[in-house]
Amino acid sequence: MSKTVSHLNNAVMHFQFVLDKCPVSHPDHATALTDLAWARLIGCIRDVLQEIDTTTSLFRDALALRPQPHPDHPLSLYNLTLALTWRHKKKSTVADIRELAQLYHELLPLCPEGTYLRSIVAGEDGVDYVIDECNDLPPDASDEVIHLRRVVLELCPLGHRLRLRALNELARAVEARFDQHGSIDDLDTSIQLGREAVSLCSEEHDANLYNLACSLQSRFRHQGNPNDLDEAISLLEEALRLCPVGNEYRDNPLDSLGGVLLQRFKKRGDIDDMNRAIILRREALTLCPPGHPDHDTMLHNLANALKTRYDELHVSEDLDEAIDLHRESLRSRPLDHPFRHKNLYSLSLALSSHFTQSQKNEDIEEAITLCQESLATLSSMHPDRCSSYMCMQEAYLSRYEILHDAADLSLAIETFRLASRHPTQGFPIRILGAYKWTVAAEKHGHASALEAYMTFLELLDAHLATRSSTISRREAAAAFHYARSLPVDAASYATRSGNLQHAVELVEQGRGQQWSLASRLRTPVEDLQSANPTLAQNYLELSKLISDAAQSSATISDRDRAAVDRAAIEYRKLTRQWEAAVAKIRDLPAFSRFLLPPSYKDLQEAARQGPVIVLIASECSCSAIIVPTSGDPHHVPFPSISLADLTKLKDRFTRAIRDACRMDPAEPRKDLIALLRTIWDNIMLPIVDVLEHVLKLKPRSRIWLCPTAAFTSIPLHAAHPFKTKADCSKEPCLEDLYICSYTPTLAALVRSRQLMKKHIPPSFVAIGQGQPGAGKGKALLAVDSELVLVHKLVPATANRTTISGDAATRAGALEALQQNNWVHLACHGKQDPKQPYHSHFVMRDEDLTLLDIMERNIPHAEFAFLSACHTAVGDEETPDEVIHLAAGLQFSGFKSVIGTLWQVDDAVAKHVVKAFYTSMFGHVKNGGVMDCTKAAWALNRATHAVKKTVPLEQRMVFIHIAL
């Protein structure tokens, strides 16, 4: 041994002598460094030398002299990994294992398969050792560690025995970072990794199912997508099946499945979900007795489930048990536990509820103290601060409602404000907080009510903008069913506060969110192109990419969860780029409000050719706001009409129309007449008084109706006094006095006017389908004769086409819509009350849906007559959005549309059609041009002309929309 040591020492001395003779500039300096380092490394391995740090430095210096593409660069990398590996085995330095991972990440691609260097690099003492050691590092959510875990995963290609562990470690790290900072990108990454982990593991690996389910549950809380909730439940049910009674890991899927069921209960209200959640969490607690590392967590989670049931059923025993469990859990958790803040604010919430029962000050004082302690433990950007704020406002508001100290109300409002504006929390929770803020401010008469309403609308708009498809945006909006009336409530509050301009802005912002989000990618940019062509081009290109991504994502099956996730991530990436482009545009002096909610001045452009009457139906008040061509808006209160009255009126109309359609044409429509007189007396007459006596509007002028909420289901245009004057003449009705049109929103009317700048020669297509396919409705025997009539009445100067029978297919109709700027549609029309974007025209093969129409941008389109049933009726879920076929055609580019409010009798509809087109094109014979803006006037003339031949309900079924 001594001889060997002597030889080694001699070798070190010799190599040191050689190095001394080879200065840095010498071509063999790197070789001399390497030889000396190897001799020293052998000495370290044999415990002859202890200076491993010096040896490592020599290898590092040699590597620096052999950068890529030096032929010895890979070997120098490998030499340094050997030294670092030896030092790590001796000292267990985390910095060494991190550097090793980076070195192997660079080295492996330089070692082709089949080479000697590859065989020793990829061995158990090489890269696999590093991967194992990295995987055993303690959990850490720092950026540095997450980067390391990404590197490790790349060291484990598909098929590598350690890839599953590397996937799980990276997934844990990025989800932990999400818990700390709230970045949805981290959560998406965790779910992508979890999906691959599930695909790699065998059935026995229930932990991977559990981990993926927990990530999906977190994303549901953050984004509110019900598909995540359903998938999480499915995965946890499977994980629980793989952990039967007696399995040591059964507690985790039990507890987590209980949590997801609670989430589903809060969303859908099924009491069975809540009761089952409590049963599952009780079983989980029994499997984690005192001393078990998860005992405190199971106590806390069961307490939350019981508190949820108390909130629903108000059984005091549930609340008492929840408080006891929360206290026990809090006692079990050390002060430095990363989730102790959850115990603090959860107990605070339970004590606030208890205070409303007991009215004991100690309950509420403790609740406030706990919340303050919870906030003190969290960084300023921690996502859970939002939950702490929500609990804090609950405590302050509870105390205010009992003790009536104005300071508590002010504190509650401030915490509402902080919660709703907390940037790292997901939109659903913040939106709920903003809604509760509106309720509290309205209830207690606080001056922040308007701010609360505006905050809610802004948050909802931002939330919906994250959804790629039209349908997913509508589903996301419908999830906030509790706030369905909020846009009109906001407008009502602004009206009652005397701020009519703001009321118009608010009702427009809330009422048109679906349409404005869908249309933002189609905003005309002619002015921007003149001011800054580069920004305009970038904006248009990104808008096209987003639109394409949205359409592409709509074709992906919901069952391909991974593909759906990838599409959502890509859509969000493009959206961020688009938002950055919009921000640059807003930096231009003349474009500071580009794509922002329109101001009153912007919206007043809708009234350029006649006043727009916005009808607001709220629990607090029902009234109208008249937007004149110039000047301030006018308020018209309806003191004798409440929202409940409007709801009854709507239901009575539905019955009266249904009964009238069954009656003989000559039979008087007494019920219908009585209802139309009610509309006149209580709603339209007060409006007409302002139009006549305040605005001095001339008879036969144009007016536009923009109804909200319950007003959308009432035929306001048909309001009629049905009275006789002293001179035996008939008192005029609304349509005797004015040419009445509707508009879904003021912005839609403005947009239609903007698109009228270009005029192209008219081309007219009549599309009819009187013989729909089996199961699609009865035959419409008058359709063919209606098409012949229309063709005859349309001026010969127009390029006229008729599509009917076998040619009237979905594809044929879509092509005709895009190739013609004047359209007449005669067929079955059906409104889908559950999913309005599936409302459709019945063609021979497939249905022509509202979504089909919306996806076509037809900027040169002018006029459409929809001789079909239910083409201008919205849905119950989002009544203020006016999502129907006629509005869809207007959105696609048609400037003037005739639609229908209920069922059309095709045998009598042709009388209205004939009278309409006779009036519409009568002037063309004398050299006039086809003008879509005459449609409202022509419909008005037509309904007067057919009074003796068409029953009342079939005359008033037709309405005009837009210009």
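All residue numbers refer to positions counted from 1 along the written sequence of the respective chain. The predicted nature of this model means local features are confined to residues of pLDDT at least 70 and side-chain atom pairs, given and counted, to a pLDDT of 80 or more, with totals for whole chains, interfaces and linings taken over all residues. With hydrogens and water excluded, all non-hydrogen atoms of the structure serve as input to the side-chain values.

A. Representation of the overall build of the protein within the structure. Within the protein one finds 41 helices and 14 strands. For the protein, the spread of C-alpha atoms along the principal axes amounts to about 135 × 75 × 55 Å. Residue contacts are counted whenever heavy atoms from the two residues lie within 4.5 Å of one another. Counting only contacts in the protein whose residues sit at least 6 apart along the sequence, the fraction spanning at least 24 positions is 70%. Exposure was quantified through the Shrake-Rupley algorithm and a 1.4 Å probe, taking into account, for residues, occlusion by the shown protein chains and nothing else. Accessible surface, the protein: about 41400 Å² in total, of which carbon and sulfur atoms supply 53%. Charged residues are defined narrowly, with Lys and Arg counted positive, Asp and Glu counted negative, and His plus the chain ends left uncounted. To locate a charge, take atom NZ for lysine, CZ for arginine, CG for aspartate or CD for glutamate. Mean positive and mean negative side-chain charge positions of the protein (104 and 121 charges, respectively) differ by 7 Å. The helix and strand labels rest on DSSP assignments: H or I over at least four residues marks a helix, E over at least two residues marks a strand, and numbering proceeds from the N terminus.

B. Examining the environment of Arg163 more closely. In this fold, Arg163 is placed in helix H9 (residues 163-181). Think of it in three bands: with a 1.4 Å probe and only protein chains considered, a residue is buried below 20% of the maximum accessible area for its type, exposed above 50%, and partly exposed in between. Judged by its relative accessible area of 12%, Arg163 falls in the buried class. Between the alpha carbons of Arg163 and Leu153 there is a distance of 6.5 Å; along the sequence they are ten residues apart. Once you skip the residues sitting within four places of it in the chain, Arg163 turns out to touch Leu153, Cys156, Pro157, Leu158, Glu196 and Leu200. Polar contacts involving the side chain of Arg163 include one to the main-chain carbonyl oxygen of Cys156, which spans 2.6 Å. Any pair of nitrogen or oxygen atoms within 3.5 Å is treated as a polar contact; in protein, a donor-acceptor pairing is required on top of that, and neighbouring residues in sequence qualify only through side-chain atoms on both sides.

C. Broad picture of the sheet that holds strand E11 (residues 848-849). Ordered in space as E9-E10-E11, the three strands form an open sheet in which the pairing is antiparallel. On the outer flanks of this sheet lie strand E9 (829-830) and E11, each paired with one strand and no other. With two bridges joining them, E9 and strand E10 (residues 840-841) adopt antiparallel strand pairing. Bridging from a neighbouring strand, Gly829 pairs with Phe841 of E10. In this scheme, strands are said to pair when DSSP sees at least two bridges between them.

D. Structural context of helix H24 (residues 486-496). Most of H24 is tucked away, with ten of its eleven residues classed as buried. Buried-residue contacts for H24 involve helix H21 (427-443), helix H22 (449-464), helix H25 (500-511), strand E1 (612-617), strand E2 (622-627) and strand E3 (634-637). The first or second residue beyond H24 is Gly498, which carries a positive phi of 85°.

E. Broad picture of the pattern of salt bridges. Every case where a carboxyl oxygen of Asp or Glu lies within 4 Å of a side-chain nitrogen of Lys or Arg is listed as a salt bridge. This model, assessed by the stated rule, comprises 49 salt bridges. Linking Arg572 and Asp188 is a salt bridge whose minimum nitrogen-to-oxygen distance equals 1.9 Å. Separated by 384 residues along the polypeptide, Arg572 in helix H29 (residues 561-586) and Asp188 in helix H10 (residues 184-200) bring together distant segments of the chain. Accessibility assignment for this pair places Arg572 and Asp188 in one class, buried. Three or more residues joined by partner-sharing salt bridges are found here, namely Asp185, Asp188, Arg195, Arg219, Asp228, Glu231, Arg561, Asp565, Arg572 and Arg576.

F. Spotlight on unusual backbone geometry. Of note, the amide linkage connecting Gln68 to Pro69 takes the cis form, showing an omega dihedral of 15°. Mapping Pro69 onto the fold places it in the loop between helix H3 (52-64) and helix H4 (73-91). Positioned with a positive phi, Gln359 is a non-glycine residue whose angle comes to about 55°. Along the chain, the position of Gln359 falls in the loop between helix H17 (340-358) and helix H18 (361-376). Overall, Gln359 belongs to the partly exposed group, its relative accessible area being 47%. Here the phi dihedral of Ala709 falls at roughly 45°; this positive angle occurs in a residue that is not glycine. Along the polypeptide, Ala709 turns up in the loop between strand E4 (701-707) and helix H33 (734-737).

G. Inspection of the confidence of the model for the protein at higher detail. For every residue, the predictor reports its confidence as pLDDT, a number between 0 and 100. When pLDDT is averaged across the protein, the result is 88; 96% of the residues are at 70 or more. Looking across the protein, the model is least confident in helix H26 (residues 513-519), with a mean pLDDT of 69, and most confident in E3, with 97.

H. Structural context of helix H7 (residues 127-135). Within H7, seven of the nine residues are buried, which leaves the element mostly enclosed by the surrounding structure. By the burial criterion, the buried members of H7 are Val127, Asp128, Tyr129, Val130, Ile131, Cys134 and Asn135. Summarising the contacts, the buried residues of H7 are in contact with H4, helix H5 (94-107), helix H6 (116-121), helix H8 (143-154) and H9.

I. Spotlight on the packing of aromatic side chains. When the centres of two rings from Phe, Tyr and Trp lie within 6.5 Å, Trp using its six-membered ring, the rings pair. Their planes under 30 degrees apart give stacked, over 60 give edge-to-face, and anything left gives tilted. Overall, the coordinates contain 16 aromatic pairs when judged by the stated rule. Both rings, one in Phe865 and one in Phe958, keep their centres 5.7 Å apart while their planes meet at 55°; by these two values the pair is tilted. Note that Phe865 is positioned in strand E12 (residues 863-867) and Phe958 in strand E14 (residues 958-962), a separation of 93 residues in sequence. An angle of 20° between the planes, with centres 5.7 Å apart, marks the rings of Tyr917 and Phe921 as stacked. Of this pair, Tyr917 and Phe921 both sit in helix H39 (residues 906-921), four residues apart, roughly one helical turn. In this structure Tyr917 comes out as buried when scored by relative accessible area, which is 1%. Pairwise contacts between aromatic rings join Phe764, Trp822, Phe863, Phe865, Phe916, Tyr917, Phe921 and Phe958 into one cluster.

J. Spatial organisation of the pairing of E1. Among the six residues that make up E1, six are buried, leaving the element largely enclosed by the rest of the structure. Of the two faces of E1, the one lined by Val612, Val614 and Ile616 and the one lined by Ile613, Leu615 and Ala617 are each fully buried. With six bridges connecting them, E1 and E2 associate as antiparallel partners. Bridging from a neighbouring strand, Val612 pairs with Val627 of E2. Here E1 hands over to E2 after four residues, the two strands then running antiparallel side by side. Where E1 meets E4, four bridges bridge the pair, whose relative direction is parallel.

K. Structural view of the packing of helix H31 (residues 643-661) against helix H32 (residues 670-693). Throughout, an axis means a line fitted to C-alpha atoms (over the contacting stretch in the case of helices), and angles, computed between N-to-C directions, take values from 0 to 180 degrees. With their axes 9 Å apart at the nearest point, H31 and H32 run at an angle of 150° to one another. Here H31 lies roughly antiparallel to H32, going by the angle between them. Crossing geometry of H31 relative to H32 is assigned as left-handed. From H31, Leu646, Leu649, Arg652, Phe653, Ala656 and Ile657 reach across to H32, where they touch Asp671, Leu672, Leu675, Leu676, Thr678, Ile679 and Ile683. Only Asp, Glu, Lys and Arg are considered charged, only Ala, Val, Leu, Ile, Met, Phe, Trp, Tyr, Cys and Pro nonpolar, and every remaining residue, Gly among them, polar. Partitioning the contact of H31 with H32 into residue classes produces ten nonpolar, one polar and two charged. Should an angle lie under 35 degrees it is considered roughly parallel, over 145 roughly antiparallel, and from 65 to 115 roughly perpendicular; all remaining angles are considered oblique. What makes a crossing left-handed is the near helix being turned counterclockwise from the far one by less than a right angle; a clockwise turn instead makes it right-handed.

L. Expanded view of the state of the cysteines. When two cysteine sulfur atoms are found within 2.5 Å, that pair is recorded as a disulfide. This model, assessed by the stated rule, comprises zero disulfides. Here Cys733 stays unpaired: no disulfide links it, and the sulfur of Cys740, its closest cysteine neighbor, is 10 Å away. Assessed through its relative accessible area of 8%, Cys733 is described here as buried.

M. A look at the packing of helix H28 (residues 533-554) against H29. Their axes nearest at 9 Å, the elements H28 and H29 cross at an angle of 160°. In terms of their interaxial angle, H28 and H29 are classed as roughly antiparallel. For the element pair H28 and H29, the recorded crossing hand is left-handed. Two secondary-structure elements touch here, H28 through Leu535, Asn538, Tyr539, Leu542, Ser543, Leu545, Ile546, Ala549, Ala550 and Ser553 and H29 through Ala567, Tyr571, Leu574, Thr575, Gln577, Trp578, Ala581, Val582, Lys584 and Ile585.

N. Fine view of the side chain of Thr308. Within the secondary structure, Thr308 sits in helix H15 (residues 295-313). The class for Thr308 is buried, based on a relative accessible area of 10%.

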